[in-house]
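Per-entry structural report
What follows is the residue order along each chain.
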Amino acid sequence: MKAAVYLGKHILKVQDVEVRPPAADEVVIKVQACGVCGTDIHIYEGAEGAAKCEPPTILGHEFSGIVYEMGSNVKNFRPGDRVCVDPNDMCGHCYFCRNGKAHFCENMIGIGTTVDGGFAEFCTVREKQVYSIGDSLSFEEAEMAEPVACCLHGMDLTEVKPGDTVLLIGGGTIGLIMLQLVKLSGASAIILVEPVKEKRELAVKLGADITVDPVKNDLGEVLSANGINHIDKVIECVGLKSTVMDALRYVGRGGTVMLFGLTHPDCEVPLKPFDVFKKEFSIKASYINPYTQGRAVELLNSGRINVRDLIADKVKLTDIIKVFEDSSYRSCGKIIIEP
């Protein structure tokens, strides 16, 4: 089969690779759609994502497809079933797994990070990581279950309540998923900060009340002009030092800052404990997607969240290299790789 293999910093090559036969508890999935994530870009740039990736590894952890082959002990799936995959495979035996914190598993397998993933024609995974997507959800929408699941975990921790005023920093794929989840949670005012005009326009379509171009406008002045003097929740979805500092600056008294954007491992941000003391705000972060993949699939099937408009382009697997080499792809929206 063809697969995009990570061989080291700035080295990603499409190669011929053998399909790994399934063990008794595994299924082979014929991949139909696999999204390019910020984590994939971090790995390509030589940084660490949610887990350390050792080359050679087939990247790609947001994917959907069709069950192609099964191991002898697989009970819940049959060839032809339409499915998506939770890429974070926990051991179930370590301290964290046995104490309800499985996403901190000491022996975690990351499909597409620590083992071969979905930038390939086929991917072999354990049955317990596979979720049925039904008949109506497209494969492009279904591959988005993983980022939606991650956002759901972040939302659970942020605890947005009906009537809250929420500031979202960043209108990329994650920011626009978060925007919709914030809307579903009953926020009374949603402000999104994003320099790209097209993303701001899409944000308004998806439910933003106010959008701000941080290049041309001062956020504080825009908030003041709109009569907003208190931010209950800030969700940072960019992962830059400057945007993290903005999140800490604009959160209101007693509020919550969710640092969701993936920063570079060496990123450091100055923090004045006195400011935290005066405002008594909480700083939280969100790590992967524990226990939320099933909820994400149900939410997508319900039609209450729109991920179709977040997909900017579909690229054939044989052309995947240009997505990683051309930085313009990284700012236009979700890119789907099709085998």
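None of the values given here were measured: they were computed from a predicted structure.

Along the polypeptide, S138 turns up in the loop between β10 (130-132) and α2 (139-142). Judged by its relative accessible area of 24%, S138 is partly exposed. A polar contact of 2.9 Å, which involves the side chain of S138, links it to the side chain of E141.

Moving on, we come to the confidence of the model for the protein. Averaged over every residue, the pLDDT of the protein is 96; the share at 70 or more is 100%. Per-element averaging of pLDDT across the protein places helix α1 (residues 38-44) at the bottom with 93 and strand β11 (residues 165-169) at the top with 99.

Our next topic: the packing of helix α3 (residues 145-158) against helix α9 (residues 293-302). Between α3 and α9, the shortest axis-to-axis distance is 8 Å and the interhelical angle comes to 110 degrees. Classified by the angle between their axes, α3 and α9 sit roughly perpendicular to one another. In the crossing of α3 with α9, the sense of the turn from one axis to the other is right-handed. In this structure, α3 uses A145, E146, V148, A149, L152 and D156 to contact α9, whose residues at the interface are Q293, R295, A296, V297, L299 and L300.

This brings us to unusual backbone geometry. A negative phi angle is the norm for most residues apart from glycine, just as the trans form is the norm for most peptide bonds. Residue P56 is reached from P55 by a cis peptide bond, and omega for that bond is -5 degrees. Tracing the backbone shows P56 in the loop between α1 and β4 (57-58). Positive phi is not limited to glycine here, since H10 has a value of about 65 degrees. For H10, a relative accessible area of 41% corresponds to the partly exposed category.

This part covers the sheet that holds β4. With antiparallel pairing, 3 strands are arranged side by side in an open sheet as β2-β1-β4. On the outer flanks of this sheet lie β2 (11-16) and β4, each paired with one strand and no other. Direction of pairing for strand β1 (residues 2-8) relative to β2: antiparallel, over a ladder of 6 bridges. Its bridge partner being in β2, Y6 is matched across the sheet by L12.

For the coordinates displayed, the defined rule picks out 7 aromatic pairs. The ring of F139 has R82 lying over it, and the distance from NZ or CZ to the ring centre is 4.4 Å.

Should their charged atoms come close, side chains of opposite charge can pair. Under the defined criterion, the tally for this structure stands at 15 salt bridges. Between D16 and K2 there is a salt bridge, with the nearest N and O atoms lying 3.0 Å from each other. Of this pair, D16 sits in strand β2 while K2 sits in strand β1; the two residues are 14 residues apart in sequence, bridging distant segments of the chain. By relative accessible area, K2 is classed as partly exposed at 36%. One salt bridge in this structure joins K161 and D164, with 4.0 Å as the shortest N-O distance. Through salt bridges that share partners, D89, R126 and K128 make up one connected network.

What follows covers the packing of α3 against helix α4 (residues 173-184). What describes two packed helices is the angle between their axes and the distance between those same axes. At a minimum axis separation of 10 Å, α3 and α4 run at an interaxial angle of 55 degrees. Put simply, α3 runs oblique to α4. In this structure, α3 crosses over α4, and the sense of that crossing is right-handed. Contacts between α3 and α4 involve P147, V148, C151, L152, G154 and M155 from the first element and I174, I177, M178, L181 and V182 from the second. Across the contact of α3 with α4, the residue classes tally to 10 nonpolar, 1 polar and no charged.

Cut-offs applied
Residues numbered from 1 in each chain as written. Predicted model: local features only at pLDDT ≥ 70, side-chain atom pairs only at ≥ 80, totals over all residues. Heavy atoms only, no water. Helix = DSSP H or I, 4+ residues; strand = E, 2+ residues; numbered from the N terminus. Buried < 20%, exposed > 50% of the residue type's maximum accessible area, 1.4 Å probe, protein only. Polar contact = N/O pair within 3.5 Å; in protein donor to acceptor, adjacent residues only side chain to side chain. pLDDT = per-residue confidence, 0-100. Axes fitted to C-alpha atoms, helices over the stretch in contact; angles between N-to-C directions. Parallel < 35°, antiparallel > 145°, perpendicular 65-115°, else oblique. Left-handed = near helix turned anticlockwise from the far one by under 90°. Contact = heavy atoms within 4.5 Å. Pairing = 2+ DSSP bridges. Phe/Tyr/Trp six-rings, centres within 6.5 Å; stacked < 30°, edge-to-face > 60°. Lys NZ or Arg CZ within 6 Å of the ring centre and 35° of its normal. Salt bridge = Lys/Arg side-chain N within 4 Å of Asp/Glu carboxyl O. Nonpolar A, V, L, I, M, F, W, Y, C, P; charged D, E, K, R; others polar.

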